[in-house]
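In case you want the letters, here they are:
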Amino acid sequence: MGQIQRKSPFWSLAGPMLGYLAIQFAVQLGIQLVITAPYIIRAYPDMVESLAGAAPSMEKFMDIYLSALEPAFVLIAAYQTEIAAASALVTLAMTLPLFLKDRKLEREYQVVLPAKAPPAQYWTVILFGAVGCVAVTCLMAMVQLAFYDAQYQQSIQTAYSSPVALQVLCSGIVIPLAEELLFRGILYRRFHERQSFWYSAVCSAMLFAFLHSNTTQMVYAFLLGLLLAYLYEKFGSFLAPLLLHIVLNTGSVVFTALGVFRWLGADPMRMAGAVIAGAFVCSVLFVRIRKM
């Protein structure tokens, strides 16, 4: 079996991850500076005045500074989804060429890859994503009742504050595409060049979980990362994990907009039934996928 020879296996993994984080940080910082700059300029005379004189007051300066930036902070929080999508979109300039280059290297080194599943089998991924979206969202809501996570609640409120069309575009398409290119298309495949499936899946899933900001989402992202890597192997195509990720995220947006989760959450038994029924359907679909 052919194996891709890389000059530095460590940097072939660390490089894309660090580059991805650096691009996201730079883009988000740039957008935040653009938003805050007008408010800083407007408050500049008052800040200069607070430092004038024999005994300048740093406390007064900070009060003026924070007061001036408060509207900017509100704007940044309100458009967090769009800012995250913009930074994710820019990362494609790095991840897409790397992804295409790796696929070319696999052909050049004649790497033996899993057989590709026929297009007719992808209905299982779509149905799994739609049903799993409902079950996981209800399960997370139930977990929040027992173990309240303030950061998770805040991130959810921010994510669903934008218009539905923007949520679908940003959270449903752009962000999943950027994440899948890096974590499954590049990192998982590069781990798997020298390591077993489970080692590669766990490592890429841990890095994927690291990208999320609260405990609830980190646990979910880790388990999802394992599933996405498994789909990549079973279907022999990057399209399978990408499709599932898009359906999960888009389904969450659409079902929320349609009031499905509000209706389920109005009755604890209804919500528990959705979790149990969803788990059953997903289990049946998983067994079908496993037997492919």
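Structure: above.
Residues numbered from 1 in each chain as written. Predicted model: local features only at pLDDT ≥ 70, side-chain atom pairs only at ≥ 80, totals over all residues. Heavy atoms only, no water.

**Q** Explanation requested: the overall build of the chain in the structure shown.
**A** From N to C terminus, the chain includes eleven helices and zero strands. Reading the secondary structure of the chain in the N-to-C direction produces α-α-α-α-α-α-α-α-α-α-α. Counting only C-alpha atoms and orienting by the principal axes, one finds that the chain spans roughly 80 × 55 × 30 Å. Out of the 292 residues in the chain, the part that is buried amounts to 43%. Total accessible area on the chain is roughly 15700 Å²; 70% of this is exposed by carbon and sulfur atoms. Side-chain charges in the chain split into 19 positive and 15 negative, and the spacing between the mean points of these groups amounts to 17 Å. (Helix = DSSP H or I, 4+ residues; strand = E, 2+ residues; numbered from the N terminus. Buried < 20%, exposed > 50% of the residue type's maximum accessible area, 1.4 Å probe, protein only. Areas by Shrake-Rupley, 256 points an atom, 1.4 Å probe, with all protein chains shown as cover. Lys, Arg positive; Asp, Glu negative; His and termini not counted. Charge placed at Lys NZ, Arg CZ, Asp CG, Glu CD.)

**Q** What's the story with the packing of aromatic side chains in this structure? I'm lost.
**A** Between two aromatic rings, the relevant description is the distance of the centres plus the angle of the planes. For the structure on display, the rule yields 13 aromatic pairs. Judged by centre distance (5.1 Å) and plane angle (80 degrees), the rings of Phe-10 and Trp-11 are edge-to-face. Assessed through its relative accessible area of 55%, Phe-10 is described here as exposed. Each member of the aromatic cluster is reached from another via a ring pair, and the members are Phe-99, Tyr-188, Phe-197, Trp-198, Tyr-230, Tyr-232, Phe-238 and Phe-286. Looking at Arg-103, its charged tip hangs above the ring of Phe-99, at a distance of 4.7 Å from the centre. Here Arg-184 stacks its cationic end above the ring of Phe-208, 4.5 Å away from the centre of that ring. (Phe/Tyr/Trp six-rings, centres within 6.5 Å; stacked < 30°, edge-to-face > 60°. Lys NZ or Arg CZ within 6 Å of the ring centre and 35° of its normal.)

**Q** Explain the packing of helix H6 (residues 164–192) against helix H7 (residues 197–210) to me, please; I cannot follow it from the model alone.
**A** Each pair of packed helices gets described by two things: the angle between the helix axes and the distance between those axes. Their axes nearest at 9 Å, the elements H6 and H7 cross at an angle of 145 degrees. In terms of crossing hand, the pair formed by H6 and H7 is right-handed. Two secondary-structure elements touch here, H6 through Glu-179, Phe-183, Arg-184, Leu-187, Tyr-188, Phe-191 and His-192 and H7 through Phe-197, Tyr-199, Ser-200, Ala-201, Cys-203, Ser-204, Leu-207 and Phe-208. Taken together, the residues of the contact of H6 with H7 sort by class into ten nonpolar, three polar and two charged. (Axes fitted to C-alpha atoms, helices over the stretch in contact; angles between N-to-C directions. Left-handed = near helix turned anticlockwise from the far one by under 90°. Contact = heavy atoms within 4.5 Å. Nonpolar A, V, L, I, M, F, W, Y, C, P; charged D, E, K, R; others polar.)

**Q** What's the story with the environment of Arg-190 in this structure? I'm lost.
**A** Mapped onto the elements of the fold, Arg-190 is located in helix H6. The class for Arg-190 is buried, based on a relative accessible area of 9%. Other than its neighbours up to four places away in sequence, Arg-190 contacts Arg-6, Ser-12, Leu-13, Pro-16, Leu-98 and Asp-102.

**Q** Would you mind showing me how to read the state of the cysteines here?
**A** One way to say it: the disulfide is the covalent bond shared by the sulfur atoms of two cysteines. This model, assessed by the stated rule, comprises zero disulfides. Looking at Cys-133, it has no disulfide partner, and the nearest cysteine sulfur is the one in Cys-138, 8.9 Å off. For Cys-133, a relative accessible area of 3% translates into the label buried. In this model Cys-170 remains outside any disulfide bridge; the closest cysteine sulfur is found in Cys-133, 17 Å from its own. The class of Cys-170 is buried, set by a relative accessible area of 6%. (Disulfide = S-S within 2.5 Å.)

**Q** What is the right way to read unusual backbone geometry from this model?
**A** Across the chain, the bulk of peptide bonds are trans and the bulk of non-glycine residues have phi less than zero. Its identity as a non-glycine residue notwithstanding, Gln-110 has a phi of 55 degrees, on the positive side. For Gln-110, a relative accessible area of 65% gives the class exposed.

**Q** Help me understand a nonpolar patch on the surface in this model?
**A** The grouping of Phe-10, Trp-11 and Leu-18 at the surface amounts to a nonpolar patch, some 370 Å² of accessible area in total. Inspection of the secondary structure puts Phe-10 in helix H1 (residues 9–51). (Patch = residues over 30% accessible without salt bridge, like charges linked within 9 Å, V, L, I, M, F, W, Y side chains within 5 Å. Salt bridge = Lys/Arg side-chain N within 4 Å of Asp/Glu carboxyl O.)

**Q** Looking at this structure, how should I read helix H9 (residues 239–257)?
**A** End to end, H9 covers 26 Å across 19 residues, agreeing with the expected 27 Å (1.5 Å per residue, within 8%). Among the residues of H9, Ala-240, Pro-241, Leu-242, Leu-244, His-245, Val-247, Leu-248, Thr-250, Gly-251, Ser-252 and Val-253 are the ones counted as buried. Gly-259 sits one or two positions beyond H9 and adopts a positive phi of about 85 degrees. (Expected span 1.5 Å × (residues − 1).)

**Q** Even after reading the chapter, I still don't get the packing of helix H8 (residues 215–235) against H9, so can you show me in this structure?
**A** Look at H8 against H9: their axes get within 7 Å of each other, and the N-to-C directions meet at 140 degrees. For the element pair H8 / H9, the angle class is oblique. On the side of H8, the interface is formed by Tyr-220, Leu-224, Leu-227, Leu-228, Leu-231, Tyr-232 and Phe-235, while H9 contributes Ala-240, Pro-241, Leu-244, His-245 and Leu-248. Class assignment of the residues belonging to the contact of H8 with H9 gives a composition of eleven nonpolar, one polar and no charged. (Parallel < 35°, antiparallel > 145°, perpendicular 65-115°, else oblique.)

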